[in-house]
Amino acid sequence: MVSDGYSGACCANAGVEILDGDLDGLAVGDHVVLEAASGSLLHALRVEDGSFLAVRGRRVQTFQVARRLPAASLVRYPAPFSLQTEADRAAVVHRAR
């Protein structure tokens, strides 16, 4: 077996908070999993101005959610993988752009 050096420990301890489709309280830099009416799931990153950034079809796209989704979940990572300060959040958004 070949190891890539990744143990998966950060994801094994990650918590998920169900948002019930409400995205208003998300902070810049939050990682969310969005569910469409069709049941499709999309991992996205909250960026400025209430928009989101995601990789879809090998392209990085930004978009806004115009209506309440059937479901959305906020992924919370444990320290040291979590975003500790507003500067950390700003750095994530800067790297994503």
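Residues numbered from 1 in each chain as written. Predicted model: local features only at pLDDT ≥ 70, side-chain atom pairs only at ≥ 80, totals over all residues. Heavy atoms only, no water.

(A) The overall build of the protein chain, seen in detail. When helices and strands are counted, the protein chain shows 2 helices and 6 strands. The helix and strand sequence of the protein chain, counted from the amino end, reads α-β-β-β-β-β-β-α. Here the protein chain holds 97 residues, and the buried ones make up 30% of them. Considering only intrachain contacts with a sequence separation of at least 6, the fraction spanning at least 24 residues in the protein chain is 55%. Only carbon and sulfur atoms are counted for the fraction: they give 52% of the accessible area of the protein chain, which is about 6,800 Å². (Helix = DSSP H or I, 4+ residues; strand = E, 2+ residues; numbered from the N terminus. Buried < 20%, exposed > 50% of the residue type's maximum accessible area, 1.4 Å probe, protein only. Contact = heavy atoms within 4.5 Å. Areas by Shrake-Rupley, 256 points an atom, 1.4 Å probe, with all protein chains shown as cover.)

(B) Structural detail: the pairing of strand 4 (residues 52-56). Alignment of strand 3 (residues 41-46) against strand 4, held across 2 bridges, turns out to be antiparallel. When the bridges of strand 4 are listed, Arg46 appears paired with Phe52. In this sheet, strand 5 (residues 59-63) lies alongside strand 4 in antiparallel orientation, the contact comprising 5 bridges. Bridged to Ala54 within strand 5 is Gln61. Counting the residues in the hairpin turn of strand 4 and strand 5 gives 2 residues, including Gly57, whose phi is positive at 55 degrees. (Pairing = 2+ DSSP bridges.)

(C) Geometry of the side chain of Ser73. Tracing the backbone shows Ser73 in strand 6 (residues 71-76). In this structure, Ser73 is in contact with Val16, Glu17, Ile18, Leu19, His31, Val32 and Val33, ignoring residues within four places of it in sequence.

(D) Up close: the confidence of the model for the protein chain. Summing up the model confidence of the protein chain, the mean pLDDT is 75 and the portion of residues at 70 or higher is 74%. In this model, residues 1-11 is a region of pLDDT below 50 whose contacts with residues beyond four sequence positions or in other chains number 5 contacts. (pLDDT = per-residue confidence, 0-100.)

(E) Summary view of the pairing of strand 3. Judged from the 5 bridges that link them, strand 2 (residues 31-35) and strand 3 form a sheet pairing that is antiparallel. Looking at strand 3, one finds that Glu35 is bridged to Leu41. Count of turn residues in the strand 3/strand 4 antiparallel hairpin: 5 residues, of which Asp49 carries a positive phi of about 60 degrees.

(F) Region of interest: the layout of surface pockets. Of the voids in this model, the second largest pocket is the one considered here, and its volume is about 180 Å³. Counted by class, the lining of the second largest pocket contains 6 nonpolar, 1 polar and 2 charged residues. (1 Å grid on protein atoms, 1.4 Å probe; cavity = no way out; pocket = protein on both sides within 12 Å on 5 of 7 lines; lining within 4 Å. Points joined across faces, edges and corners; volume = space filled by probe spheres on them. Nonpolar A, V, L, I, M, F, W, Y, C, P; charged D, E, K, R; others polar.)

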